[in-house]
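Coordinate analysis (summary)
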Amino acid sequence: MIRTVALDVGETLTRDDRYWAAWADWLGVPRHTLSALVGAVVVDGRDNADAVRLLRPGIDLAAEYTAREAAGRGERLDESDLYEDVRPALAALRATGTRVVVAGNQSPRMGELLRALHLPADLVATSGEWGVSKPDPRFFTRVLEVSGAPADETLYVGDHPANDIHPARAAGLRTAHLRRGPWGHWWADDPEVRAAADWSLDSLAELAAIVKA
């Protein structure tokens, strides 16, 4: 029985196109160059931010983030950034009586932007607001604190094996790997990811059937 579904954000609910394009523009490099480097770190299983570090070795990402915000070129989010299945899928989950939590590795500012979209969710929280990021086990402790359900009745949904699936499973949560975005597609058929995921999804629309089973 699944009583709570918690979902990652980037490339689970939202497209990362705008995010990476903004970084490329800020760094003054062609967008396709940064996109290619994102692909390279995905294949290597490295941290997403390493794509930026490959362009600017030694870069202080926190300082650059602050500078972007100060220059009026910080994070942006609107309805066009959501994948098409997000609203209907979350609404369908809530219609079953399932608690819906959005929790991902994002900044406090992104938390504000996500809440401004008024998603069909009971709670929206980010790592920046919690002060701990995936894959730290304490992140999933926080997920369980807001879940309102035991670990084996809480399902975490995400595209990233190292940040989402493996640590959520280690914390005792049920897991669903989403074939979406670079990480989701590249690692979808990896044997270890398949073994760690209770479900493998092509769309969030499949979640309602899972919680009703």
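Residues numbered from 1 in each chain as written. Predicted model: local features only at pLDDT ≥ 70, side-chain atom pairs only at ≥ 80, totals over all residues. Heavy atoms only, no water.

1. A short note on the packing of helix 1 (residues 17–27) against helix 4 (residues 61–70)
- Viewed as axis vectors pointing N to C, helix 1 and helix 4 meet at an angle of 90 degrees, and their least axial separation amounts to 12 Å. In terms of orientation, helix 1 lies roughly perpendicular with respect to helix 4. Of helix 4, the residues touching helix 1 (which contributes Ala22, Trp23 and Trp26) are Leu61, Glu64, Tyr65, Ala67 and Arg68.
- Within the contact of helix 1 with helix 4, the residues separate by chemical class into six nonpolar, no polar and two charged. (Axes fitted to C-alpha atoms, helices over the stretch in contact; angles between N-to-C directions. Helix = DSSP H or I, 4+ residues; strand = E, 2+ residues; numbered from the N terminus. Parallel < 35°, antiparallel > 145°, perpendicular 65-115°, else oblique. Contact = heavy atoms within 4.5 Å. Nonpolar A, V, L, I, M, F, W, Y, C, P; charged D, E, K, R; others polar.)

2. Remarks on the environment of leucine 7
- Inspection of the secondary structure puts leucine 7 in strand 1 (residues 4–7).
- Of the residues examined, leucine 7 reaches a relative accessible area of 0% and is grouped as buried.
- Considering only alpha carbons, one finds leucine 7 and arginine 115, 108 residues apart in sequence, at a separation of 14 Å.
- Setting aside residues up to four positions removed in sequence, leucine 7 forms contacts with Thr12, Leu13, Leu90, Val100, Val101, Val102, Ala103, Tyr156, Val157, Leu204 and Leu207. (Buried < 20%, exposed > 50% of the residue type's maximum accessible area, 1.4 Å probe, protein only.)

3. Remarks on helix 6 (residues 108–116)
- All of the buried residues along helix 6 are Met110, Gly111, Leu113 and Leu114. Along the axis of helix 6, the buried positions cluster into a sector of 165 degrees, meaning they face one direction only.
- Those residues of helix 6 that are buried lie in contact with strand 3 (123–126) and helix 7 (127–130).
- Looking one or two places after helix 6, you find histidine 118, whose phi comes out positive at around 50 degrees. (Arc of directions from axis to C-beta.)

4. Brief notes about the packing of aromatic side chains
- If you walk through the whole model with that rule in mind, you get five aromatic pairs.
- With a centroid separation of 4.9 Å and an interplanar angle of 85 degrees, the aromatic rings of tyrosine 19 and tryptophan 20 are classed as edge-to-face.
- Residue tryptophan 20 is classed as buried on the basis of its relative accessible area, which comes to 11%.
- Their ring planes at 55 degrees and their centres at 5.2 Å tell us that tryptophan 130 and phenylalanine 139 sit as a pair that is tilted. Side by side, tryptophan 130 and phenylalanine 139 carry an identical accessibility label, which is buried. (Phe/Tyr/Trp six-rings, centres within 6.5 Å; stacked < 30°, edge-to-face > 60°.)

5. Considerations on the pairing of strand 2 (residues 99–104)
- Of all six residues that make up strand 2, five are buried, and the element is covered over most of its length.
- When strand 2 meets strand 3, the two strands line up parallel, connected through four bridges. Residue pairing in the sheet places valine 102 in a bridge with valine 124 of strand 3.
- In terms of handedness, the path from strand 2 via helix 6 over to strand 3 forms a crossover that is right-handed. (Pairing = 2+ DSSP bridges. Right-handed = clockwise from strand over helix to strand, strands pointing away.)

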